[in-house]
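# Close look at the chain arrangement
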Amino acid sequence: MSDLALRLVPDELWELVEPLVPGFAPRRQGGGTAGVDDRAVFTAIVYVLTSGCAWRHLPGEFGVSVPTAHRRFTAWTRAGLWPRLHHAVLDELGARGQVDWASAIVDAAAVRAKKGGTLTGPNPVDRGKKGSKLHVLSDAAGLPLVVAVSAANVHDSQAFKPLFMALPAIRSRRGPRRRRPVKARADKAYHSAEHLAWLRQRGIVPRIARPGIESGERLGRHRWVIERTLSWLFGYRRLTIRYERHGHLFTAFLTLAAAISCYKKLAKPST
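Treat the numbers as computed from the prediction; the structure is a model and nothing was measured.

What follows concerns the nonpolar core. Core analysis: the largest hydrophobic core is formed by 81 residues, its most contacted members being Phe-42, Leu-145 and Phe-164. With 13 residues, helix 9 (residues 247-267) is the largest single contributor of residues to this core. Counting only domains with at least three residues in this core, you end up with domain 1 (3-23 + 35-79) and domain 2 (82-267). Setting aside its immediate chain neighbours within four residues, Phe-42 contacts Val-9, Leu-13, Trp-14, Val-17, Trp-76, Trp-82, Leu-85 and Leu-256.

On to the packing of aromatic side chains. Counted according to the given criterion, the structure contains 11 aromatic pairs. Aromatic pair Tyr-47 and Phe-62: ring centres 5.2 Å apart, planes at 50 degrees, arrangement tilted. With Tyr-47 in helix 3 (residues 38-51) and Phe-62 in the loop between helix 3 and helix 4 (66-78), this pair connects stretches of sequence that are 15 residues apart. A single burial state applies to Tyr-47 and to Phe-62, both of which are buried. With a centroid separation of 4.5 Å and 25 degrees between ring planes, the pair formed by Phe-73 and Phe-253 is classed as stacked. Placement of the pair is Phe-73 in helix 4 and Phe-253 in helix 9, with a sequence separation of 180 residues. A relative accessible area of 0% means that Phe-253 is categorised as buried. One aromatic cluster in this structure is built from Trp-14, Phe-42, Trp-55, Phe-73, Trp-76, Trp-82 and Phe-253.

Its place among the elements puts Glu-244 in the loop between strand 7 (241-242) and helix 9. On the basis of relative accessibility, which here comes to 7%, the residue Glu-244 falls in the buried class. Ignoring sequence-local partners within four residues, the contact set of Glu-244 consists of Gly-116, Arg-238, Leu-249, Phe-250 and Phe-253.

All right, on to the domain arrangement of the protein chain then. The assigned domain composition of the protein chain is domain 1 (3-23 + 35-79) and domain 2 (82-267). Domain 1 puts 23 residues into the contact, and the matching count from domain 2 is 20 residues. The largest share of the area that domain 1 buries against domain 2 comes from Leu-16, Leu-20 and Leu-49, three residues that together contribute 34% of it. Counting across the domain 1 and domain 2 interface gives 0 salt bridges.

Within the structure shown, the criterion is met by 11 salt bridges. For Asp-38, the salt bridge identified is with Arg-72, shortest N-O distance 2.7 Å. Here Arg-72 lies in helix 4 and Asp-38 lies in helix 3, a separation of 34 residues in the sequence. A relative accessible area of 26% means that Asp-38 is categorised as partly exposed. Its salt-bridge partner being Asp-107, residue Arg-223 comes within 3.2 Å of it at the nearest N-O pair. Taken together, the residues Arg-223 in helix 8 (residues 221-234) and Asp-107 in strand 1 (residues 103-113) connect sequence positions 116 residues apart. The exposure class assigned to Arg-223 is partly exposed, which follows from its relative accessible area of 23%. Judged by its relative accessible area of 4%, Asp-107 is buried. Sharing partners across several salt bridges, the network here consists of Asp-107, Asp-187, Arg-223 and Glu-227.

Cut-offs applied
- Residues numbered from 1 in each chain as written.
- Predicted model: local features only at pLDDT ≥ 70, side-chain atom pairs only at ≥ 80, totals over all residues.
- Heavy atoms only, no water.
- Core = buried A, V, L, I, M, F, W, Y, C linked by side-chain atoms within 4.5 Å.
- Buried < 20%, exposed > 50% of the residue type's maximum accessible area, 1.4 Å probe, protein only.
- Helix = DSSP H or I, 4+ residues; strand = E, 2+ residues; numbered from the N terminus.
- Domains from an automatic or database assignment.
- Contact = heavy atoms within 4.5 Å.
- Phe/Tyr/Trp six-rings, centres within 6.5 Å; stacked < 30°, edge-to-face > 60°.
- Buried area = accessible area lost by both parts, 1.4 Å probe.
- Salt bridge = Lys/Arg side-chain N within 4 Å of Asp/Glu carboxyl O.

Structure below.
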């Protein structure tokens, strides 16, 4: 295995991925890709995510053909591999006490969609060009706990409740699994009486900027945390411009990026 492949997918990451990879059924007409190594395919997918290259430019050093890599990516997406991997990494972090439940922070960012497709719409801040919006909910330290994709013309606030409802039950160092933060932080785009009441009903303290009273900057260091999280995700160049026509495939890349971002914290030595 090349040094590049090991950097992209270290042994410790593959140990988390391997048990989750679904079995492959070769096509009835023969051929197929049953003999292709799953780790090589996964590494090729991570390379496309991180480099932002088109599938057709996938280097041959991974030992995986372009049709095989794309076909397996689509099949694994359909099988739900990426959310399961993200949850598995979060469970490992939670078991070590590395998920900070002091607050959950929500924000969104738009990207241009070159080819249009599902989950796209006219971006009001990009001259109405087709785009998508990335929605992120992080813990107090910026770990992306939940990610989602919508059309660019969907208001940020419409993703607020779905993000919180999608929080997985994450392992704890001691006691039962946990999925409820102490506080919810967001800028004024998310403020509404409905959201405030909804959070309080669930025992979550709202810390959402009030329009005309408080500016988003009052979030201070909390705002910086979620902006850093978005920066981490946009460090995966396949996310900076959307080329996938199918929204579920773009969401797959986003979820994989969130999983790897969380894994990087897991891989850091404890201090």
